[in-house]
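# Report on the structure
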Amino acid sequence: VLVRIDATVLEGWEPPVVRQLSDESLPSRRAAFRVLVRLGAKELARYDHTIAERLKDRDALVRRLALEVLGKFDPQVIAPHATGVVQQLGSEEMELRRAALEALDRLHAPAL
């Protein structure tokens, strides 16, 4: 249901949605990311470590969605997670590699 709601209405709902990223249920983790990708970087930047943890998820779609959210952040927010992002370049999934490249593209030399 939250996936269909306008992103401006979702402001302030970040904490309970972010908590779903650690849920045992794969559909819950996927749904949480589908909501988060619609929100702005400003609202989500404080959750960067939680989001980056999902780069270790066993599900490729969850990892790709994590990369899409991380790719919204400023370079200084992405930089601490660059190793996890680079590891996704070894994936067999083309869309996962593309999302990793797009996140890395946000990095600038001064941020590294």
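Residues numbered from 1 in each chain as written. Predicted model: local features only at pLDDT ≥ 70, side-chain atom pairs only at ≥ 80, totals over all residues. Heavy atoms only, no water.

### So, the overall build of the protein chain
Which entries qualify depends on this criterion: Helix and strand definitions follow DSSP, with helices as H or I runs of at least four residues and strands as E runs of at least two, each counted in order from the N terminus. For each residue, the accessible area found with a 1.4 Å probe, counting protein chains only, is set against the maximum for its type, and the residue is called buried under 20%, exposed over 50%, and partly exposed in between. Whether two residues are in contact is decided by their heavy atoms: any pair within 4.5 Å suffices. Values of accessible area rely on a 1.4 Å probe in the Shrake-Rupley scheme; residue burial ignores everything except the protein chains shown.
When helices and strands are tallied, the protein chain shows eight helices and zero strands. Written out in order from the N terminus, the α and β elements of the protein chain read α-α-α-α-α-α-α-α. Expressed as a percentage of its 112 residues, the buried residues of the protein chain come to 40%. Here the contacts in the protein chain between residues at least 6 apart in sequence split such that 66% fall between residues at least 24 apart. Working note: accessible area of the protein chain is about 6400 Å², and carbon and sulfur atoms make up 52% of it.

### A short note on the nonpolar core
Filter applied, for reference: Here, the term nonpolar core denotes a set of buried Ala, Val, Leu, Ile, Met, Phe, Trp, Tyr and Cys residues that are joined through side-chain atoms within 4.5 Å.
Judged by nonpolar contacts, the single largest core of 31 residues is most densely connected at Phe 33, Leu 36, Leu 44, Ile 51 and Phe 73. For this core, the elements supplying multiple residues, two or more each, are α1 (14–19), α2 (26–36), α4 (48–53), α5 (60–70), α6 (75–78), α7 (82–87) and α8 (94–105). In terms of residues, this core owes the most to one element, α5, which gives seven residues. Once residues lying within four places of it in the same chain are set aside, the contact partners of Leu 36 are Val 17, Val 18, Leu 21, Leu 44, Val 69 and Lys 72.

### Focus: the confidence of the model for the protein chain
For clarity, the cut-off: Residue-level confidence of the predictor is summarised by pLDDT, bounded by 0 at the bottom and 100 at the top.
Confidence in the prediction of the protein chain, expressed as mean pLDDT, is 87, and 84% of residues score 70 or more. The spread of mean pLDDT over the elements of the protein chain runs between helix α3 (residues 41–44), the lowest at 87, and α4, the highest at 97.

### Topic: the packing of α5 against α8
So the rule is basically this: The convention used is that axes are lines fitted to C-alpha atoms, helices contributing only their stretch in contact, and that angles between N-to-C directions extend from 0 to 180 degrees. Here roughly perpendicular refers to angles of 65 to 115 degrees, roughly parallel to angles under 35, roughly antiparallel to angles over 145, and oblique to all remaining angles. Less than a right angle of anticlockwise turn of the near helix away from the far helix marks a crossing as left-handed, whereas a clockwise turn marks it as right-handed. Three classes are used: nonpolar for Ala, Val, Leu, Ile, Met, Phe, Trp, Tyr, Cys and Pro, charged for Asp, Glu, Lys and Arg, and polar for all others, with Gly counted as polar.
Where α5 contacts α8, the two axes come as close as 8 Å, and the packing angle between them is 20 degrees. It follows that α5 is roughly parallel to α8 by the angle criterion. As for how α5 packs across α8, the hand of that crossing is left-handed. Here Ala 60, Arg 63, Arg 64, Leu 67 and Glu 68 of α5 lie close against α8, whose contacting residues are Glu 95, Leu 96, Arg 98, Ala 99, Ala 100 and Ala 103. Along the lines of polarity and charge, the residues of the contact of α5 with α8 split into six nonpolar, no polar and five charged.

### Side note on the pattern of salt bridges
The condition that has to hold: Here, a salt bridge means any Lys or Arg side-chain nitrogen found within 4 Å of an Asp or Glu carboxyl oxygen.
Counted by the stated rule, this structure contains eight salt bridges. The partner of Arg 98 in a salt bridge is Glu 102, with the nearest N and O atoms 2.9 Å apart. Of this pair, Arg 98 and Glu 102 are both found in helix α8, four residues apart, which corresponds to roughly one turn of the helix. Assessed through its relative accessible area of 27%, Arg 98 is described here as partly exposed. When salt bridges that share partners are traced, they join Arg 29, Arg 54 and Asp 57 into one network.

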